[in-house]
Amino acid sequence: LDGGDGDDTLDGGDGDDRLVGDDGNGDLVGAAGADVRRGGAGQERLFGQDGDDPRLQRLAQVAAACNDAVLHPPSDPGGEWTLTGDPTEGALAALAGRLGVDAGELVARLPRHGEVAFDASRRRMTTVHKCDDMLWVAVKGAVEALAPLLRNEDADLVATAHENADRLTAEGYRVLALAERDAESLPDRLEDLEAELRLAGLVGIADPPRAEVGDAV
């Protein structure tokens, strides 16, 4: 959740290669300033018409662009989706898809022009995309890592994001912040683009214990 005054449950992203399941595990997502309603599991577009909200579209685009995971549809009817890549990024790709944003189509339209890979010390990842005569920057990472990089005018929103991130963390979710900005040119250091970011939203990813953990305990 983030600066919006609502919340939502997203089915999927349960920490393994099975991205969408029916076991009640899920993610929480909110777009900055959006009032997101609760949606049921298994919907092709989780939020129905709410998925057309430009704030949710913005969050979904960042989730799809700043992402190296690839989702593979089932080969047989009723089969399971599979993932190549990191499960956390897979959950973000699934979220984007449920909001109507296809990662392949997005990157074809906004080709990646540069990347600052995730690093444990930085706790964030940044991708830079060509957008006509401009550049579009997509960033994801820990809330604490992105907060100092956000626009000063978003101070109230950042405070709310911290509060919601703390609450979600206490409930056992892994929380990621998603942000973006536009730029006119590519600097010598791509890291210099990680400033004056606009917060797109927060995503809390459920990571429940695997079944074998209970057996071990």
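In this report, the structure presented in the accompanying data block is examined. (Residues numbered from 1 in each chain as written. Predicted model: local features only at pLDDT ≥ 70, side-chain atom pairs only at ≥ 80, totals over all residues. Heavy atoms only, no water.)

### Structural notes on the overall build of the protein
Scanning the protein from terminus to terminus reveals 6 helices and 9 strands. Within the span of the protein, comprising 217 residues, buried residues form 47% of the whole. Taking the contacts inside the protein whose residues are at least 6 apart along the sequence as the reference set, 63% of them involve residues at least 24 apart. Of the roughly 10,700 Å² of accessible surface on the protein, a fraction of 47% belongs to carbon and sulfur atoms. (Helix = DSSP H or I, 4+ residues; strand = E, 2+ residues; numbered from the N terminus. Buried < 20%, exposed > 50% of the residue type's maximum accessible area, 1.4 Å probe, protein only. Contact = heavy atoms within 4.5 Å. Areas by Shrake-Rupley, 256 points an atom, 1.4 Å probe, with all protein chains shown as cover.)

### Structural notes on the packing of helix α1 (residues 54–65) against helix α2 (residues 87–98)
Here α1 crosses α2 at 140°, and the two axes come no closer than 8 Å. Here α2 runs oblique to α1, going by the angle between their axes. Between α1 and α2 lies a crossing of left-handed hand. Here Leu59, Ala60, Ala63 and Ala64 of α1 lie close against α2, whose contacting residues are Leu92, Leu95 and Ala96. (Axes fitted to C-alpha atoms, helices over the stretch in contact; angles between N-to-C directions. Parallel < 35°, antiparallel > 145°, perpendicular 65-115°, else oblique. Left-handed = near helix turned anticlockwise from the far one by under 90°.)

### Let's talk about the layout of surface pockets
Estimates place the volume of the second largest pocket at around 310 Å³. Looking at the second largest pocket, it is lined by 15 residues, and the ones nearest its centre are Phe118, Arg123, Gly141, Ala142 and Leu176. Counting only elements with at least two residues in the lining of the second largest pocket, the list comes to α2, β7 (134–141), α4 (143–146) and β8 (173–183). Of the residues forming the lining of the second largest pocket, the biggest block, 3 residues, is contributed by β8. (1 Å grid on protein atoms, 1.4 Å probe; cavity = no way out; pocket = protein on both sides within 12 Å on 5 of 7 lines; lining within 4 Å. Points joined across faces, edges and corners; volume = space filled by probe spheres on them.)

### Things to note about the environment of Gly204
Mapped onto the secondary structure, Gly204 falls in strand β9 (residues 198–206). Take Gly204: its relative accessible area is 0%, and that puts it in the buried class. Separated by 39 residues in sequence, Gly204 and Ala165 have C-alpha atoms that sit 8.0 Å apart.

### Topic: empty space enclosed by the protein
A complete count under the given rule lists 1 cavity of 30 Å³ or more for this structure. Along the walls of the largest cavity sit Val143, Leu146, Ala147, Leu150, Val158, Ala161, Ala177, Leu199 and Leu202, which together make up its complete lining. Of all the secondary-structure elements, those providing two or more residues to the lining of the largest cavity are α4, α5 (155–170) and β9. In terms of residue class, the lining of the largest cavity is made up of 9 nonpolar, no polar and no charged. (Nonpolar A, V, L, I, M, F, W, Y, C, P; charged D, E, K, R; others polar.)

### Re the side chain of Arg122
As for its position among the elements, Arg122 is in the loop between β5 (112–119) and β6 (124–131). A polar contact of 2.7 Å, which involves the side chain of Arg122, links it to the side chain of Glu194. Those residues in contact with Arg122, other than ones at most four positions away along the chain, are Val116, Ala117, Ala145, Glu191 and Glu194. (Polar contact = N/O pair within 3.5 Å; in protein donor to acceptor, adjacent residues only side chain to side chain.)

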